[in-house]
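Residue strings, one per chain:
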Amino acid sequence: SQQGEEDPQALSIQEGENATMNCSYKTSINNLQWYRQNSGRGLVHLILIRSNEREKHSGRLRVTLDTSKKSSSLLITASRAADTASYFCATLNAGKSTFGDGTTLTVKP
Amino acid sequence: EAGVAQSPRYKIIEKRQSVAFWCNPISGHATLYWYQQILGQGPKLLIQFQNNGVVDDSQLPKDRFSAERLKGVDSTLKIQPAKLEDSAVYLCASSLGAALEAFFGQGTRLTVV
């Protein structure tokens with residue numbers, strides 16, 4: 001079974017709006033990473049947050065981590081049509097990465 | 001910097017046939033991963049190498065799947081014999097270390113008919 005579970009499974013928004021995706025996991029982690037996958041392509045690393053960090057920013061991306069709730073969120077601000085993709089969280093524990101099933105984001109122009 | 005190279009991009013085989021995938025990781029990356037991604041799901045780790053040693057192969061169906069990493073660089077993943085449920089995208093990724101960001105190849109889309 002997958003360690004991380006993303007929520008929602010699918011999200012559709014208008015260009016310019018913000019998109020928030022959540023990831024919940026079951027066991028302790030060393031770090032948590034977010035990846036993007038465009039249709040038919042490989043995954044692209046977006047951001048890594050360590051277990052002792054609570055928030056990280058990268059451009060229009062903001063990631064939070066709450067280890068007490070075993071959850072993380074990815075916020076994409078001022079979304080663009082090019083942000084349309086699937087987004088996955090991956091948890092790292094004892095050297096092993098485990099992916100969730102992703103959130104499919106559609107940004108309508 | 002060159003990315004992770006995988007070949008072939010697409011493969012169609014009949015069930016019970018064998019197939020092999022090749023991966024060339026980013027130069028200097030000690031950790032190499034093979035993932036299986038079934039349509040609509042996230043990647044599932046099949047095997048993880050650290051240099052040419054296996055770190056984790058707990059989810060590799062060893063009765064039909066095998067993988068090796070020659071001299072700690074290139075890697076091949078083989079399926080023999082293939083089943084219909086093996087239809088998926090097989091992704092190779094590499095990283096400098098297990099706790100660091102992974103770089104993915106474009107994947108090989110396998111269809112078993």
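Here the structure is a predicted model, which means the values were calculated and not measured.

Chemist: For this particular structure, what's the right way to read the pattern of salt bridges?
Modeler: Where charged atoms from two side chains of opposite charge approach closely, those side chains can pair. Scanning the model with the defined rule gives 6 salt bridges over all chains in all. One salt bridge connects K26 of chain A with E5 of chain A, and the closest N-O pair in it is separated by 3.5 Å. Of the two residues, K26 of chain A sits in the loop between β3 (19–24) and β4 (31–37) while E5 of chain A sits in strand β1 (residues 5–7), which places them 21 residues apart along the sequence. You can call K26 of chain A partly exposed: its relative accessible area is 48%. Residue classification places E5 of chain A among the partly exposed residues on the basis of a relative accessible area of 45%. The partner of R64 of chain B in a salt bridge is D86 of chain B, with the nearest N and O atoms 2.5 Å apart.

Chemist: Just to check I follow, could you spell out the state of the cysteines for this structure?
Modeler: One way to say it: the disulfide is the covalent bond shared by the sulfur atoms of two cysteines. If you walk through the whole model with that rule in mind, you get 2 disulfides over all chains. The disulfide partner of C23 of chain A is C89 of chain A, and the S-S distance across this bridge is 2.0 Å. The sign of the 65° torsion about the S-S bond sets the C23 of chain A-C89 of chain A disulfide as right-handed. One end of the pair, C23 of chain A, is in strand β3; the other, C89 of chain A, is in strand β9 (residues 85–93), and 66 residues separate them in sequence. Look at C23 of chain A and you get buried, because its relative accessible area is 1%. Covalently, C23 of chain B is tied to C92 of chain B through a disulfide, its sulfur atoms 1.9 Å apart. With the S-S dihedral at roughly -70°, the linkage between C23 of chain B and C92 of chain B falls on the left-handed side. Pair noted here: C23 of chain B is in strand β3 (residues 19–24) and C92 of chain B is in strand β9 (residues 88–95), with a separation of 69 residues, a long-range link.

Chemist: Mind showing me how you'd approach the packing of aromatic side chains here?
Modeler: Ring pairs (aromatic) are described by centroid distance and by the angle formed between their planes. Residues and elements named next belong to chain B. Inspection of the entire model under this criterion finds 8 aromatic pairs over all chains. When the centroid spacing of 5.0 Å and the interplanar angle of 25° are considered together, the rings of F21 and Y90 count as stacked. On the criterion of sequence distance, the pair formed by F21 in strand β3 and Y90 in strand β9 is long-range, its members being 69 residues apart. Like Y90, F21 is buried. Consider the rings of Y35 and F104, whose centres lie 5.6 Å apart with planes at 35°: the pair is tilted.

Chemist: How should the interface of chain A and chain B be read in this particular structure?
Modeler: A common measure of how large an interface is: the accessible area buried when the components associate. Contacts between the two partners involve 19 residues from chain A, matched on the other side by 22 residues from chain B. Of the roughly 1,500 Å² buried between chain A and chain B on both sides combined, carbon and sulfur atoms contribute 46%. Area buried by chain A at its contact with chain B is led by L43, K96 and F99 of chain A, which between them contribute 28% of it. Note that D56 of chain B is salt-bridged to K96 of chain A, the shortest N-O span being 3.8 Å.

So, how was this worked out
- Residues numbered from 1 in each chain as written.
- Chains lettered and ligands numbered in written order.
- Predicted model: local features only at pLDDT ≥ 70, side-chain atom pairs only at ≥ 80, totals over all residues.
- Heavy atoms only, no water.
- Salt bridge = Lys/Arg side-chain N within 4 Å of Asp/Glu carboxyl O.
- Helix = DSSP H or I, 4+ residues; strand = E, 2+ residues; numbered from the N terminus.
- Buried < 20%, exposed > 50% of the residue type's maximum accessible area, 1.4 Å probe, protein only.
- Disulfide = S-S within 2.5 Å.
- Phe/Tyr/Trp six-rings, centres within 6.5 Å; stacked < 30°, edge-to-face > 60°.
- Contact = heavy atoms within 4.5 Å.
- Buried area = accessible area lost by both parts, 1.4 Å probe.

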